[in-house]
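Understanding the architecture of this molecule
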Amino acid sequence: MSMFASLRPRALQLLADHSKTVAERLQAVCDLLQAEVPHYDWVGFYFNNGDRPELKLGPYAGAPTDHTLIPFGKGICGQVALSDRNFVVPDVKAQDNYIACSLTVKAEIVVPIFVQGKNIGQIDIDSNTPDPFTGEDERFLETINAKVAEILED
Ligand code: SME
């Protein structure tokens, strides 16, 4: 079984654990993905900060970051807040509009979360491996985000 095929049910089960708060469940998913996927070095959620045009850091696993608030339009995350589309960055050095969190990061993927069609946040993954992300990562993270959207609506 592929790595994502075995991780998917584990992640979905963590998200469905009603004995935990939503924040605890998101934290558990970040911890799982960061521990189990070799090319996921930092895994975190950002959410729209109320009605302000900015993202606020939620649960994450990996090194602490200074970037707890990101204005819409800034960096890879801020661009996804406006574009509503996955953003796969094989080489962060090739991006002009990029916010560096750590010098070891080589690549990044950001996948938006939609609740009732509205982009309300995203999952953000940094990798220390160059060009590691494929369509498999995108499909996997879209599945996680669909479940996150569901529990946010509960
Ligand atoms: N690199 C991101 C900022 C968030 S950190 O990766 C945790 C960006 O350019 O938006």
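Just above, that's the structure.
Here we take up the pairing of strand 5 (residues 107-115). Most of strand 5 is tucked away, with eight of its nine residues classed as buried. Direction of pairing for strand 4 (residues 87-89) relative to strand 5: antiparallel, over a ladder of three bridges. Across the sheet, Phe 87 pairs through a bridge with Val 110, a residue of strand 5. Between the antiparallel neighbours strand 5 and strand 6 (residues 118-127) lie two residues, among them Gln 116 with a positive phi of about 50°.

Tallied over the entire structure, the rule returns two cavities of 30 Å³ or more. Reported here for the largest cavity is a volume of approximately 80 Å³. Together, Tyr 46, His 67, Ile 70, Gly 75, Ile 76, Cys 77, Tyr 98, Ile 99, Cys 101, Glu 108, Asp 124 and Asp 126 line the largest cavity. Elements represented by at least two residues in the lining of the largest cavity include exactly helix 3 (75-83) and strand 6. Here the lining of the largest cavity takes three residues from helix 3, the largest share from any one element. Looking at the lining of the largest cavity residue by residue, the classes come out as seven nonpolar, two polar and three charged.

Sheet architecture is open: six strands sit in the order 3-2-1-6-5-4, paired in antiparallel fashion. Each edge of the sheet is formed by a strand with only one pairing partner; in this case those strands are strand 3 (69-71) and strand 4. When the angles between neighbouring strand axes are averaged without regard to direction, this sheet yields 25°. Relative to strand 6, strand 5 runs antiparallel, the two sharing nine bridges. Following the sheet pairing, Val 111 is matched in strand 6 by Ile 123.

Here we take up the nonpolar core. Core analysis: the biggest nonpolar cluster contains 30 residues, and Leu 33, Tyr 40, Phe 45, Phe 140 and Leu 141 have the highest contact counts within it. Elements with a minimum of two residues in this core: helix 1 (3-15), helix 2 (22-36), strand 1 (42-48), strand 5, strand 6 and helix 4 (135-153). By residue number, the principal contributor to this core is helix 4, which donates six residues.

Calculation criteria
Residues numbered from 1 in each chain as written. Predicted model: local features only at pLDDT ≥ 70, side-chain atom pairs only at ≥ 80, totals over all residues. Heavy atoms only, no water. Buried < 20%, exposed > 50% of the residue type's maximum accessible area, 1.4 Å probe, protein only. Helix = DSSP H or I, 4+ residues; strand = E, 2+ residues; numbered from the N terminus. Pairing = 2+ DSSP bridges. 1 Å grid on protein atoms, 1.4 Å probe; cavity = no way out; pocket = protein on both sides within 12 Å on 5 of 7 lines; lining within 4 Å. Points joined across faces, edges and corners; volume = space filled by probe spheres on them. Nonpolar A, V, L, I, M, F, W, Y, C, P; charged D, E, K, R; others polar. Axes fitted to C-alpha atoms, helices over the stretch in contact; angles between N-to-C directions. Core = buried A, V, L, I, M, F, W, Y, C linked by side-chain atoms within 4.5 Å.

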